[in-house]
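Chains, contacts and geometry: an overview
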Amino acid sequence: MSLSRRDILAGSAGAAAFGALPYRSAKAQAANTIRIGVLNDMSGMYRDISGMSSVVCARAAVQEFAGRGFNVEVLSADHQNRADVGVNIARQWIDREGVDVLLDVTTSSVALAVSDICREKNKVHINCSAATSDLTGARCNANTVHWTYDTWMCAKSTGGAMVRAGGDSWFFITADYAFGHALERDTSNFIRAAGGRVLGQVRTPFPGTTDFSSFLVQAQASRAKVIGLANAGADTTNCVKQAAEFGITRRGIKIASLLMFINDVHGLGLQTAQGLVLTETFYWDLNDATRRFTNRVRSAMAPNMPAMTHAGTYAGALHYLKTVADMGVAAAKADGAAAVARMKAIPTEDDCFGKGTIRADGRKLHPAYLFEVKTPAESRGPWDYYKLLQTTPGEEAFRPLAEGACPLVRS
Amino acid sequence: MAGHSMTSSSSAPAGPQEEIFGFTKAQFVALLVMFAALVIAPFFLYPVFLMKLLCFAIFACAFNLLIGYVGLTSFGHAAYFGMGSYIAAHSAKVWGLSPELSILVGALLAGVQGAIFGWIAIRRQGIYFAMITLALAQMIYFFCLQAPFTGGEDGIQAVPRGHLFGVISLSSDMTMYWFVAVIFVACFLLIHRIVHSPFGQVLKAIRENEARTTSLGYRTDDYKLVAFILSATLAGVAGGTKSLVFGIATLTDVHWSMSGEVLLMTLVGGLGTVFGPMIGAAVIVAMQNYLAEMGAWVTVIQGVIFIACVLAFRRGIVGEIANLLRVRL
C-alpha cells in the first residue's frame, strides 16, 4: 500500500482536528465546572467522623444545585492524618486537577497546613471537621472558613459543664498534636477562670496509640477529680473503654470527653457511654429539619450516621455553591479570597444548622448543644443516644472575635 | 587517613574501556539521556512530583554511596534525611535564611550527626551495624517528636521557599524545579567523583575484602567514617531540599520506614550502580504517586516488588540492564 503526500497531509490534519476537538470542549467545560476536593481520613481513626460519609454529604449538597447553569464535580482523597501527605494532595489537586475548594479536611495538623496552601494558591478552604481554634485565631486567613465546631467551643460547653458540676481539679490525656494542644489549652483556660486547678497532663503519641493504660494510671495517681480527654475518635473511645476496665470511673473519677461524636458513642455502646456529657452542634434527631437531612443521606452512608462533621460538610458545600451561583462561576474560580468574602456577606441557611452567619475571621456561628448520653433503658433503639441538656446560642458558643488574635480582624 | 593511600590506589585498575570525564562510554550516554530527561520532563510532568523524585534520587544516591560502594547497610538514614529537613525548614522559617543557606545548614548538621553516629556504628559490621544505625535513628525520631522546635506531629509548616541568593524568587514551581535539578546534578556528579577517585577505590576494596585492605596498610575505619559522613551530609541535602519544595518538614522524614524506603529504592534500582538509585527512586516515588488511590495496597505492592527484586533480579533494574548489555552503568 502506498501513501501519497496528500493522504498523509489530509490524515494528519484530520487527526489534529480530532485531537483538538475534545480538548477544546473539555477546556470550555472546565471553565464552567466547580471542582470540590473532599480531603479527609478514609482509612484511619477518624474515618467514621469523616471518610466516605463526608463525600456522600458533599454530593447531597451538589445534587441540590443540579441544573443551575454550572457543573460540580466532587473528588476525594485520603490524607492518612499526615500533614505531608495532605499538603502533597492539596498541591496536586490545585495545580493539576483544577480543584477550587478543599472541603472537610479532618485532623488539625493537616488542616493548618492545607489552610496555608489555599492562601498561597488563592483557593477556598472550608473546614468542617478539624477542631483547632487556631484556624480562626492566630493562623486564620482570608481563604478559610471554619464550619462545624472548634476546641474553644468544646472547652466552654463540655468543660464548663463539668466544672459547674463540681469537677474543679483536672488531669489531661492529650493527643500530641495541634488539636490536642489547642483543646487542652482552651479547656485549661476555662477551668482556671472558674477557679479550678489543672494538676497535670500527659501527651500521647498520635496517630498510633492504642494502649492508654499507663496514661490512665498516671492520671488516676494525680488524684484529680476529672480526667480530661483532649483527644478524639478512636483515641477517645479507647480511653473511655480502658478507664471502665480499670475501674477508674467506678471510683468516682469523672471522664470528660471534650470532643466526642455520635459515632464514638455508637462504637462504645450505651452500656459504657451512658451518662457521658458531650457537645455537638448537630444531632440527627434534634428537629424536623435535621431528621429531613438525615433521611436524605443515611441510606448512602449506611451503616454510618451523620455526625456534626458530616452535617458541616453538607452545609459548607451548600453555602459555597450558593455563593458561586450568586457571584458567578468565573469570578468564584478566579479568586478564592473573594469567594470567601462573599460567603461571609451572605447569611447561611440549611437543614442541619438552621440560620447562621460567617464571621470576619472565618468562624461559622450556630448554636452548640450540650448532650448527655442516654442509659440503655432510655434509648428507643440504635442511634437514639442523646438527651439535650443545654443550648448555647451561636454568638456565645464561640470565642469572641476580639480574643482570637486573628490578623484579619486586627486591621 | 593513611598518607600513602593516594599513590598506591592511583595504580588501581583503570579499566580497559576509554573514559570520558571518568564515565565509561555507556555511562556517558546514560548521563546525556538523564540530562535530556531533566530538561524535558518538567514540560510534560508535574514539577512538584519531579522535585520529589529528584530529592529522593539524591537521598538514594547518598545511601548507595555507603551500601553500594563500602558495603555498609545503614538502616538509619532517615535520621540524616529528617534532620536535614527539619534544620533547613527551621533555618528558612525562623531564622529567615535564604534557601541555599538553609539547605547548607541542614546538610552540615546532618554531616555532624553522621560523624558522631558513624564513629559509633562503623566499629561493627553486618547486622550489628544495621541495628546500631537503626537504634540511633530511633533516638533521633524520639528527639524530633519531643523537641519544641519540630512541632511534634504537626511538623514545621508553612516553610517559605524564599529567594535564591536573596534575589530569585522560588515561589513558582518551575523556578524551584531548576534549582532542585541543579542541586541533584551537583550531588550526582559529586558522588560519581567520590566513587571514581582513589579514595573511592579504597572504599570498594573495603567492600570486597576489608581484612585484605587493612593488611595493605589502609586505616579502613577512617575511610568508612569519611564515607559515612559524606553519605549523611548528602542525605541532609536531600531532606533540606524536600522540606523547601513542599514547605513542610514532618516526622515522616525521620521515621524508620523512610530508612526502609531508601533501601528499597537502591535495591530496586541496582546496588552499586551509578544510575540505579535514581531509577529506583523514580519507580518507587511514581508508584506512591500514581497508585495513591489504592491506599494501603501501595505498601503491599512495594513489598511484593521488594521480594521479586531480591529473588529474581538481584542486580536491580539498572544492574540487570547493564549485565544484559555487558556494560557498566
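Residues numbered from 1 in each chain as written. Chains lettered and ligands numbered in written order. Predicted model: local features only at pLDDT ≥ 70, side-chain atom pairs only at ≥ 80, totals over all residues.

1. Re the sheet that holds strand 1 (residues 33-40) of chain A
Residue and element names in this part refer to chain A. Which entries qualify depends on this criterion: Pairing between strands requires that DSSP locate at least two bridges from one strand to the other. Only runs of H or I of at least four residues qualify as helices and only runs of E of at least two qualify as strands under DSSP, and these elements are numbered from the N terminus. Convention adopted: a line fitted to C-alpha atoms gives each axis, helices being fitted over their contacting stretch, and angles between N-to-C directions are expressed from 0 to 180 degrees. Contacts here follow a simple rule: the backbone-placed C-beta atoms of the two residues must lie within 7 Å.
Taken in spatial order, the five strands of this open sheet run 2-1-3-4-5, and their pairing is parallel. A single partner strand is all that each edge strand has here, and the edge strands are strand 2 (71-78) and strand 5 (144-146). Across the sheet, the mean angle separating the axes of adjacent strands is 20° when strand polarity is ignored. Relative to strand 4 (residues 124-127), strand 3 (residues 101-104) runs parallel, the two sharing four bridges. From the neighbouring strand, Asp 104 faces strand 4, where its bridge partner is Asn 127. Set on the sheet, helix 3 (residues 83-97) makes contact with strand 1, strand 2 and strand 3; between it and strand 1 the angle comes to about 170°.

2. Re the interface of chain B and chain A
What counts, and what does not: Polarity classes work like this: nonpolar for Ala, Val, Leu, Ile, Met, Phe, Trp, Tyr, Cys and Pro, charged for Asp, Glu, Lys and Arg, and polar for all others, with Gly in that last group.
Counting residues at the interface gives 16 residues for chain B, matched by 20 residues for chain A. Here the residues of the side of chain B that touches chain A sort into seven nonpolar, seven polar and two charged.

3. Some words on the packing of helix 12 (residues 276-290) of chain B against helix 14 (residues 316-325) of chain B
Residues and elements named next belong to chain B. Rule in force here: Any angle that is under 35 degrees is reported as roughly parallel, and any over 145 degrees as roughly antiparallel; angles of 65 to 115 degrees are reported as roughly perpendicular and all others as oblique.
One way to put it is that helix 12 packs onto helix 14 with a least axis distance of 7 Å and a crossing angle of 130°. Taken as axis vectors, helix 12 and helix 14 run oblique relative to one another. Packed against helix 12, whose contacting residues are Gly 276, Ile 279 and Gly 280, the element helix 14 presents Gly 316, Ile 317, Val 318 and Gly 319 at the interface. For the contact of helix 12 with helix 14, the class distribution of residues is three nonpolar, four polar and no charged.

4. Focus on the nonpolar core
The condition is simple: Only buried Ala, Val, Leu, Ile, Met, Phe, Trp, Tyr and Cys residues enter a nonpolar core, and they are joined through C-beta atoms within 7 Å. Here a residue counts as buried when 20 or more other C-beta atoms sit within 10 Å of its C-beta, as exposed when there are 12 or fewer, and as partly exposed otherwise, the C-beta atoms being derived from the backbone.
The biggest cluster of nonpolar side chains holds 228 residues, and the ones touching the most others in it are Val114(A), Tyr314(A), Ile58(B) and Phe59(B). Take this core: its biggest share by element is 17 residues, from helix 3 (residues 47-67) of chain B. Discounting residues that sit within four places of it in the chain, Tyr314(A) has contacts with Cys57(A), Ala58(A), Ala60(A), Ala61(A), Phe293(A) and Cys352(A).

5. What to know about helix 14 of chain B
Residue and element names in this part refer to chain B. When helix 14 is considered as a whole, its buried residues turn out to be Gly 316, Ile 317, Val 318, Gly 319, Ile 321 and Ala 322. Elements in contact with the buried residues of helix 14: helix 11 (256-269), helix 12 and helix 13 (297-311). The first or second residue beyond helix 14 is Arg 326, which carries a positive phi of 55°.

6. Describing helix 7 (residues 213-221) of chain A
Residue and element names in this part refer to chain A. How we decide: Arc definition: directions from the helix axis to the C-beta atoms.
For helix 7, every residue scored as buried is listed here: Phe 215, Leu 216 and Ala 219. In an axial view of helix 7, the angular spread of the buried residues amounts to 100°, which keeps them on one side of the axis. Looking at helix 7, the residues exposed on the side facing more than 90 degrees away from the buried face are Ser 214, Val 217 and Ala 221. Here the buried face of helix 7 lies against strand 6 (169-175), strand 7 (197-204), strand 8 (226-230) and helix 8 (233-245).

7. Structural notes on unusual backbone geometry
Residues and elements named next belong to chain A. Cis geometry is found at the peptide bond from Ala 302 to Pro 303, where omega equals 5°. Within the secondary structure, Pro 303 is located in the loop between helix 11 (288-301) and helix 12 (308-327). One non-glycine residue, Arg 223, adopts positive backbone phi at about 65°. Counting through the fold element by element, Arg 223 comes out in the loop between helix 7 and strand 8. The phi dihedral of Ala 405 falls on the positive side, at around 60°, and the residue is not glycine. Mapped onto the secondary structure, Ala 405 falls in the loop between helix 15 (394-397) and helix 16 (407-410).

8. Looking at the environment of Val274(B)
All names here are of chain B. Relative to the assigned elements, Val 274 resides in the loop between helix 11 and helix 12. Judged by the 25 C-beta atoms lying within 10 Å of it, Val 274 is buried. Each C-alpha atom, one on Val 274 and one on Phe 23, is 9.8 Å from the other, the two residues being 251 residues apart in sequence. Excluding residues that lie within four positions of it along the chain, Val 274 makes contacts with Gln 27, His 192 and Leu 329.

9. Observations regarding the pairing of strand 8 of chain A
Residues and elements named next belong to chain A. Put simply, the rule reads: Orienting the strands away from the viewer, one traces the path from the first strand over the helix to the second; a clockwise path indicates a right-handed crossover.
A large share of strand 8 lies buried, amounting to five of its five residues. The side-chain alternation of strand 8 yields two buried faces, one formed by Val 226, Gly 228 and Ala 230 and the other by Ile 227 and Leu 229. Regarding topology, helix 8 serves as the crossover connection from strand 8 to the parallel strand 9 (residues 254-257), and that connection is right-handed.

10. Description of the sheet that holds strand 8 of chain A
Residues and elements named next belong to chain A. Spatially, four strands are ordered 7-6-8-9 in an open sheet, and the strand pairing comes out parallel. Where the open sheet ends on each side, the last strands, each with one partner, are strand 7 and strand 9. Strand-to-strand, the axes of this sheet are offset by a mean angle of 20°, without reference to chain direction. Pairing analysis gives four bridges linking strand 8 to strand 9, with the strands arranged parallel. Bridge pairing links Gly 228 to Ala 256 in strand 9.

11. Side note on the confidence of the model for chain A
Where we set the bar: Along the chain, pLDDT gives the predictor's confidence residue by residue, from 0 to 100.
For chain A, mean pLDDT is 88; residues scoring 70 or higher make up 92% of the total. The model gives residues 12-25 of chain A a pLDDT under 50, and that stretch makes zero contacts with residues more than four places away or in other chains.

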